[in-house]
Amino acid sequence: MKEQEIKEWLLAVEHPAKGDKNIVELGMVENIEVSEDSIIVTLAFAKHRDPLAEYLIGSAKAAIIRNTPIGTKVEVKTIIKDEAPKKKPGLDLGFEELANVKHIIGIASGKGGVGKSTVSVNLATALARLGYKVGLADADVYGPSVPKMTATEAEMPDAIVNGEQEVIMPLEKYGVKWMSIGYFAKPEQALIWRGPMACNALKQMILQVRWGELDFLLIDMPPGTGDIHISLVHDIPMEGAVIVSTPQDVALADVEKGVNMFRNESVNKPIFGLVENMAWFTPAEHPDEKYYIFGQGGGQRMADKYGIPLLGQIPIVQSIREGGDNGQPAALSTRPDGLAFLGLAEKLAEILK
Ligand SMILES: Nc1ncnc2c1ncn2[C@@H]1O[C@H](COP(=O)(O)OP(=O)(O)OP(=O)(O)O)[C@@H](O)[C@H]1O
Ligand SMILES: [Mg+2]
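Residues numbered from 1 in each chain as written. Chains lettered and ligands numbered in written order. Predicted model: local features only at pLDDT ≥ 70, side-chain atom pairs only at ≥ 80, totals over all residues.

1. Digging into the site of ligand 1
Right, so step 1: Close contacts around ligand 1 come from 20 residues, with G112, G115, S117, T118 and P223 the closest.
Right, so step 2: Mapped onto the shell around ligand 1, the elements with two or more residues apiece are α3 (116–129), β14 (271–281), β15 (310–316) and α10 (318–326). (Near = placed C-beta within 6 Å. Helix = DSSP H or I, 4+ residues; strand = E, 2+ residues; numbered from the N terminus.)

2. Let's talk about the pairing of strand β4 (residues 38–45)
Right, so step 1: Where strand β3 (residues 29–34) and β4 come together, five bridges link them in antiparallel fashion. Bridged to V34 within β4 is I39.
Right, so step 2: Taken together, β3 and the strand that follows it, β4, pair antiparallel across an intervening segment of three residues.
Right, so step 3: Here β4 runs beside strand β5 (residues 73–80); their pairing, made up of eight bridges, is parallel. Bridged to S38 within β5 is K73. (Pairing = 2+ DSSP bridges.)

3. Concerning the sheet that holds β5
Right, so step 1: With respect to topology, three strands assemble into an open sheet ordered β3-β4-β5, the strand pairing being mixed. Two strands in the sheet have a free side with no partner beyond their single neighbour: β3 and β5. Neighbour to neighbour, the strand axes of the sheet diverge by 15° on average, direction disregarded.
Right, so step 2: Relative to the sheet, helix α1 (residues 3–10) contacts β3 and β4, its axis offset from that of β3 by approximately 130°.
Right, so step 3: Of the strands in this sheet, β4 and β5 touch helix α2 (residues 53–65), which is tilted by about 150° from β5. (Axes fitted to C-alpha atoms, helices over the stretch in contact; angles between N-to-C directions. Contact = placed C-beta atoms within 7 Å.)

4. As for the packing of α1 against α2
Two measures define how a pair of helices packs: the angle their axes make with one another and the distance between the axes.
Right, so step 1: Taken N-terminus to C-terminus, the directions of α1 and α2 make an angle of 125°; their axes are 9 Å apart at the nearest point. By the angle class used here, α1 and α2 are oblique. Handedness of the crossing formed by α1 with α2: right-handed. Facing α1, whose interface residues are I6, W9 and L10, α2 presents A60, A63 and I64. (Parallel < 35°, antiparallel > 145°, perpendicular 65-115°, else oblique. Left-handed = near helix turned anticlockwise from the far one by under 90°.)

5. Some thoughts on the domain arrangement of the chain
Right, so step 1: Taken domain by domain, the chain comprises domain 1 (3–80) and domain 2 (96–352).
Right, so step 2: Just the C-alpha atoms count here: the centres of domain 1 and domain 2 sit 60 Å apart. (Domains from an automatic or database assignment.)

6. Re the sheet that holds strand β12 (residues 214–220)
Right, so step 1: Read across the open sheet, the eight strands follow the order β10-β11-β7-β12-β6-β13-β14-β15; overall the sheet is mixed. Strands at the two margins of the open sheet, each flanked by one partner only, are β10 (171–173) and β15. With strand direction ignored, the average angle separating the axes of adjacent strands in the sheet is 25°.
Right, so step 2: As paired elements, strand β7 (residues 134–138) and β12 share five bridges and run parallel to each other. Note on β12: the bridge partner recorded for V134 is F216.
Right, so step 3: Packed on one face of the sheet, α3 meets β6 (101–108), β7, β11 (176–180), β12, β13 (240–245), β14 and β15 and runs near 170° to β12.

7. What to know about helix α9 (residues 298–306)
Every α-helical turn comprises 3.6 residues, leaving residues that sit three or four positions apart pointing alike.
Right, so step 1: Among the residues of α9, those classed as buried are G299, M302 and A303. All buried residues of α9 fall inside an arc of 100° around its axis, so they share one side.
Right, so step 2: For α9, the elements touching its buried residues are β13, α8 (253–263), β14 and β15.
Right, so step 3: A positive backbone phi angle near 65° is found at G307, which sits one or two residues after α9. (Buried ≥ 20, exposed ≤ 12 C-beta atoms within 10 Å, placed from the backbone. Arc of directions from axis to C-beta.)

8. Describing the nonpolar core
Right, so step 1: In terms of nonpolar packing, the biggest core is built from 69 residues, with I105, I219, V242 and F341 touching the most fellow members.
Right, so step 2: Those residues in contact with I105, other than ones at most four positions away along the chain, are F216, L218, I219, M238, E239, G240, A241, V242 and F272.
Right, so step 3: Ranked by size, the runner-up nonpolar core spans 14 residues in total, among them I6, V29, L56 and A60. (Core = buried A, V, L, I, M, F, W, Y, C linked by C-beta atoms within 7 Å.)

This is how it looks when you write it as structure tokens:
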């Protein structure tokens, strides 16, 4: 008896789950040992618990016994050869799409409603105005703002298939690449997402997007410093963060929480600076006046306290809110508020140069 002969007998053993291909052609016959009165065949299985393993072992044994003289010892052994782990779409994502992104910056705050999204959208627009290649990922899965703030709510990003995985194409407007869960889910849907689902959706909005070549990818973080934030900061290769606050919040522990989110031992990412939003109020009809309605110098004091630069001060003006509401970011304008965002962009670009 030769090995070749035994292989031929095994051609009769078909794998019912593999389109009835036989175990030889499936490459499952790992080894055949032949001695005078015994035959030992080793079959390789790709899974630890192939439900058909017993059936195939029995069939292989029978195929050999049928052809060999009585008294020949026949043994069929098995080994497990693990398949390469399959990528689960949307969950086990790598960083391939971020390969050509130079700086990934989280825009965070300890507290909600301080203007994080307003600053993110305008900072992205201003960086693009300065000639940089910019993307913005809206990571606020519970309350996405980017579609409205850029008047792109009616649009739907394309998806392209990349091997086993789908990749989403960001929308482009004002020279910026935008991505938000708001393009895919209605607000009331997003609100009911539980932790892990929200985390996964969020990672997809960053890792499964064809960003291409970018100088800056800004990530508008959701408000707060909960589990989602910690996991986001852990899972995305962010270079560091920019913190947004209002002068009113200087004394609040929330800001400290925001700072600590990046500075804690396990994350340890730099904070490139602080943006003081709503630093003063300027009425539309008196553009030269400044009213420090939340107090003066709070941003600088906070920056000093944490040892980070004050990147910029953004006034509270009607045109910034209107720009957010009608999808025309204030940073597109040559008004003082537009220039404030340009100044902010210049400062950040200089720090990250
Ligand atoms: N400098 C500003 N001048 C005028 N209005 C502003 C300014 N900054 C923010 N706003 C307005 O304040 C509101 C809250 O801003 P925004 O949504 O950017 O805050 P946020 O920190 O992202 O909030 P959330 O925590 O809900 O994500 C918006 O209506 C926005 O237009
Ligand atoms: Mg927001």
